[in-house]
Amino acid sequence: MAEIMEQGILIRDVDTKNIMTKSSLPVGGYSVNPYVGCTHGCKYCYASFMKRFTGHTEPWGTFLDVKHWPEIRDPRKYRGQRVVIGSVTDGYLPQEARFGNTRRLLEQLKDSGAEILICTKSDLVVRDIDLLREMGKVTVSWSINTLDEGFRADMDRAVSIERRLSAMKQVYDAGIRTVCFISPVFPGITDFEAIFHRVKDQCDLVWLENLNLRGGFKGEILDYIGEKYPHLTDLYHAIYSKGDRSYFRALEQRAEQLAGENGCPFVDNELPYGRAEPGHPVIVDYFYHEEIRGSENTGKRTGRKQRPPEEDCEVPQKG
Ligand code: SF4
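Notes on the structure follow. (Residues numbered from 1 in each chain as written. Predicted model: local features only at pLDDT ≥ 70, side-chain atom pairs only at ≥ 80, totals over all residues.)

1. Regarding the environment of Asn18
Mapped onto the secondary structure, Asn18 falls in the loop between strand 2 (9-15) and strand 3 (21-22). Considered as a pair, Asn18 and Glu71 are 53 residues apart in the sequence and their alpha carbons are 8.7 Å apart. (Helix = DSSP H or I, 4+ residues; strand = E, 2+ residues; numbered from the N terminus.)

2. Section: the sheet that holds strand 2
Taken in spatial order, the four strands line up as 1-2-6-5 in an open sheet, and their pairing is mixed. Looking at which strands have only one partner, the edges of the open sheet turn out to be strand 1 (3-6) and strand 5 (35-36). In terms of strand pairing, strand 2 meets strand 6 (residues 63-68) through six bridges, oriented parallel. Bridge pairing in strand 6 links Asp15 to His68. (Pairing = 2+ DSSP bridges.)

3. Here we look at the sheet that holds strand 13 (residues 282-285)
Here we have nine strands laid out as an open sheet, ordered 3-4-7-8-9-10-11-13-12, and mixed in their pairing. The open sheet has two free edges, formed respectively by strand 3 and strand 12 (266-267), since each of these has just one partner strand. Here helix 6 (residues 192-199) sits on the sheet in contact with strand 10 (177-185) and strand 11 (205-210), set at roughly 165° to strand 10. (Contact = placed C-beta atoms within 7 Å. Axes fitted to C-alpha atoms, helices over the stretch in contact; angles between N-to-C directions.)

4. Quick look at the site of the ligand
Of all residues adjacent to the ligand, which total 13 residues, the nearest are Cys38, His40, Cys42, Cys45 and Ala47. For the shell around the ligand, the class distribution of residues is six nonpolar, three polar and four charged. (Near = placed C-beta within 6 Å. Nonpolar A, V, L, I, M, F, W, Y, C, P; charged D, E, K, R; others polar.)

5. Here we look at the pairing of strand 13
Of the two faces of strand 13, both are covered, the one formed by Val282 and Val284 as well as the one formed by Ile283 and Asp285. Examined bridge by bridge, strand 11 and strand 13 share four bridges and lie parallel to one another. Among the inter-strand pairings, Leu205 is bridged to a residue of strand 13, identified as Val282. With two bridges connecting them, strand 12 and strand 13 associate as parallel partners. (Buried ≥ 20, exposed ≤ 12 C-beta atoms within 10 Å, placed from the backbone.)

6. A word on the packing of helix 7 (residues 218-228) against helix 8 (residues 233-240)
For any two helices packed against each other, the geometry is given by the interaxial angle and the distance between the axes. In contact at an axis separation of 9 Å, helix 7 and helix 8 are set at 155° when each is read in the N-to-C sense. One finds that helix 7 runs roughly antiparallel with respect to helix 8. The two elements helix 7 and helix 8 meet at a crossing, and its hand is right-handed. In this structure, helix 7 contributes Lys218, Leu222, Ile225 and Gly226 to the contact, and helix 8 contributes Thr233, Tyr236 and Tyr240. Residue classes in the contact of helix 7 with helix 8 are distributed as four nonpolar, two polar and one charged. (Parallel < 35°, antiparallel > 145°, perpendicular 65-115°, else oblique. Left-handed = near helix turned anticlockwise from the far one by under 90°.)

Structural data, given as structure tokens:
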């Protein structure tokens, strides 16, 4: 296959010399994307800027490059390193069922001793439970920012929320660490408490991240809010035009309370790797994660210094 058009997606093969890319995140590690492009086509995708570097002119979500790379020769080199799979794509896109790039990558890293973080909006990952169980420190994170399938379908072309929840449970029950990544939190729409109660018995971590409208998609999202949620227009204007933080500050306080009520730790950095007591996931506050916090890991903000913008989209950039 050199280049084919399938169900409106332009798919082509590309060769790459090295699949392991050093991450630009402050915590280091590696960022690995077995594909270029992402057919989930989320409306708020921070990774859509990637297009600039790929030579693609097609709209984001309508192209996919299937990477081919030489086998990783010395996987032990990555021992102890955090390897994030799916920061600017999803390793478990529907096309993975056919091309198997993510499975191939996991097989090559199987004995590496790396700490693997998989970020997905798919349930195809359950196919690889056998392999993931053999790999030691593995975490699988699902992005879920609503329980409303209508809103979900307006925002992305990934599988339903129910399928994501079911996959999370299967992976958790298989003894693998899981994350419910409540991101991006849409003001007035995302009900993080309802999501928390749905997932608290099947995940180790709940990550919270605000919607950030710094990308070229700002206009599209605001138009959508104006059309479908007109009662929220003023709130979005206050947050995204005037920089009003009060909504997310209140949410942050509520998250801390919720953690207290449910016996869950509340922190701003989930590292190092660990499992949570069942039913009491660690709630990680990644709201405005580009800002530097204190080192006490209490979720409390101590400074306003901005981190430089990062390239990864599906993983909180703070680490
Ligand atoms: S936000 Fe993530 S899942 Fe959605 S299109 Fe972008 S890379 Fe894909």
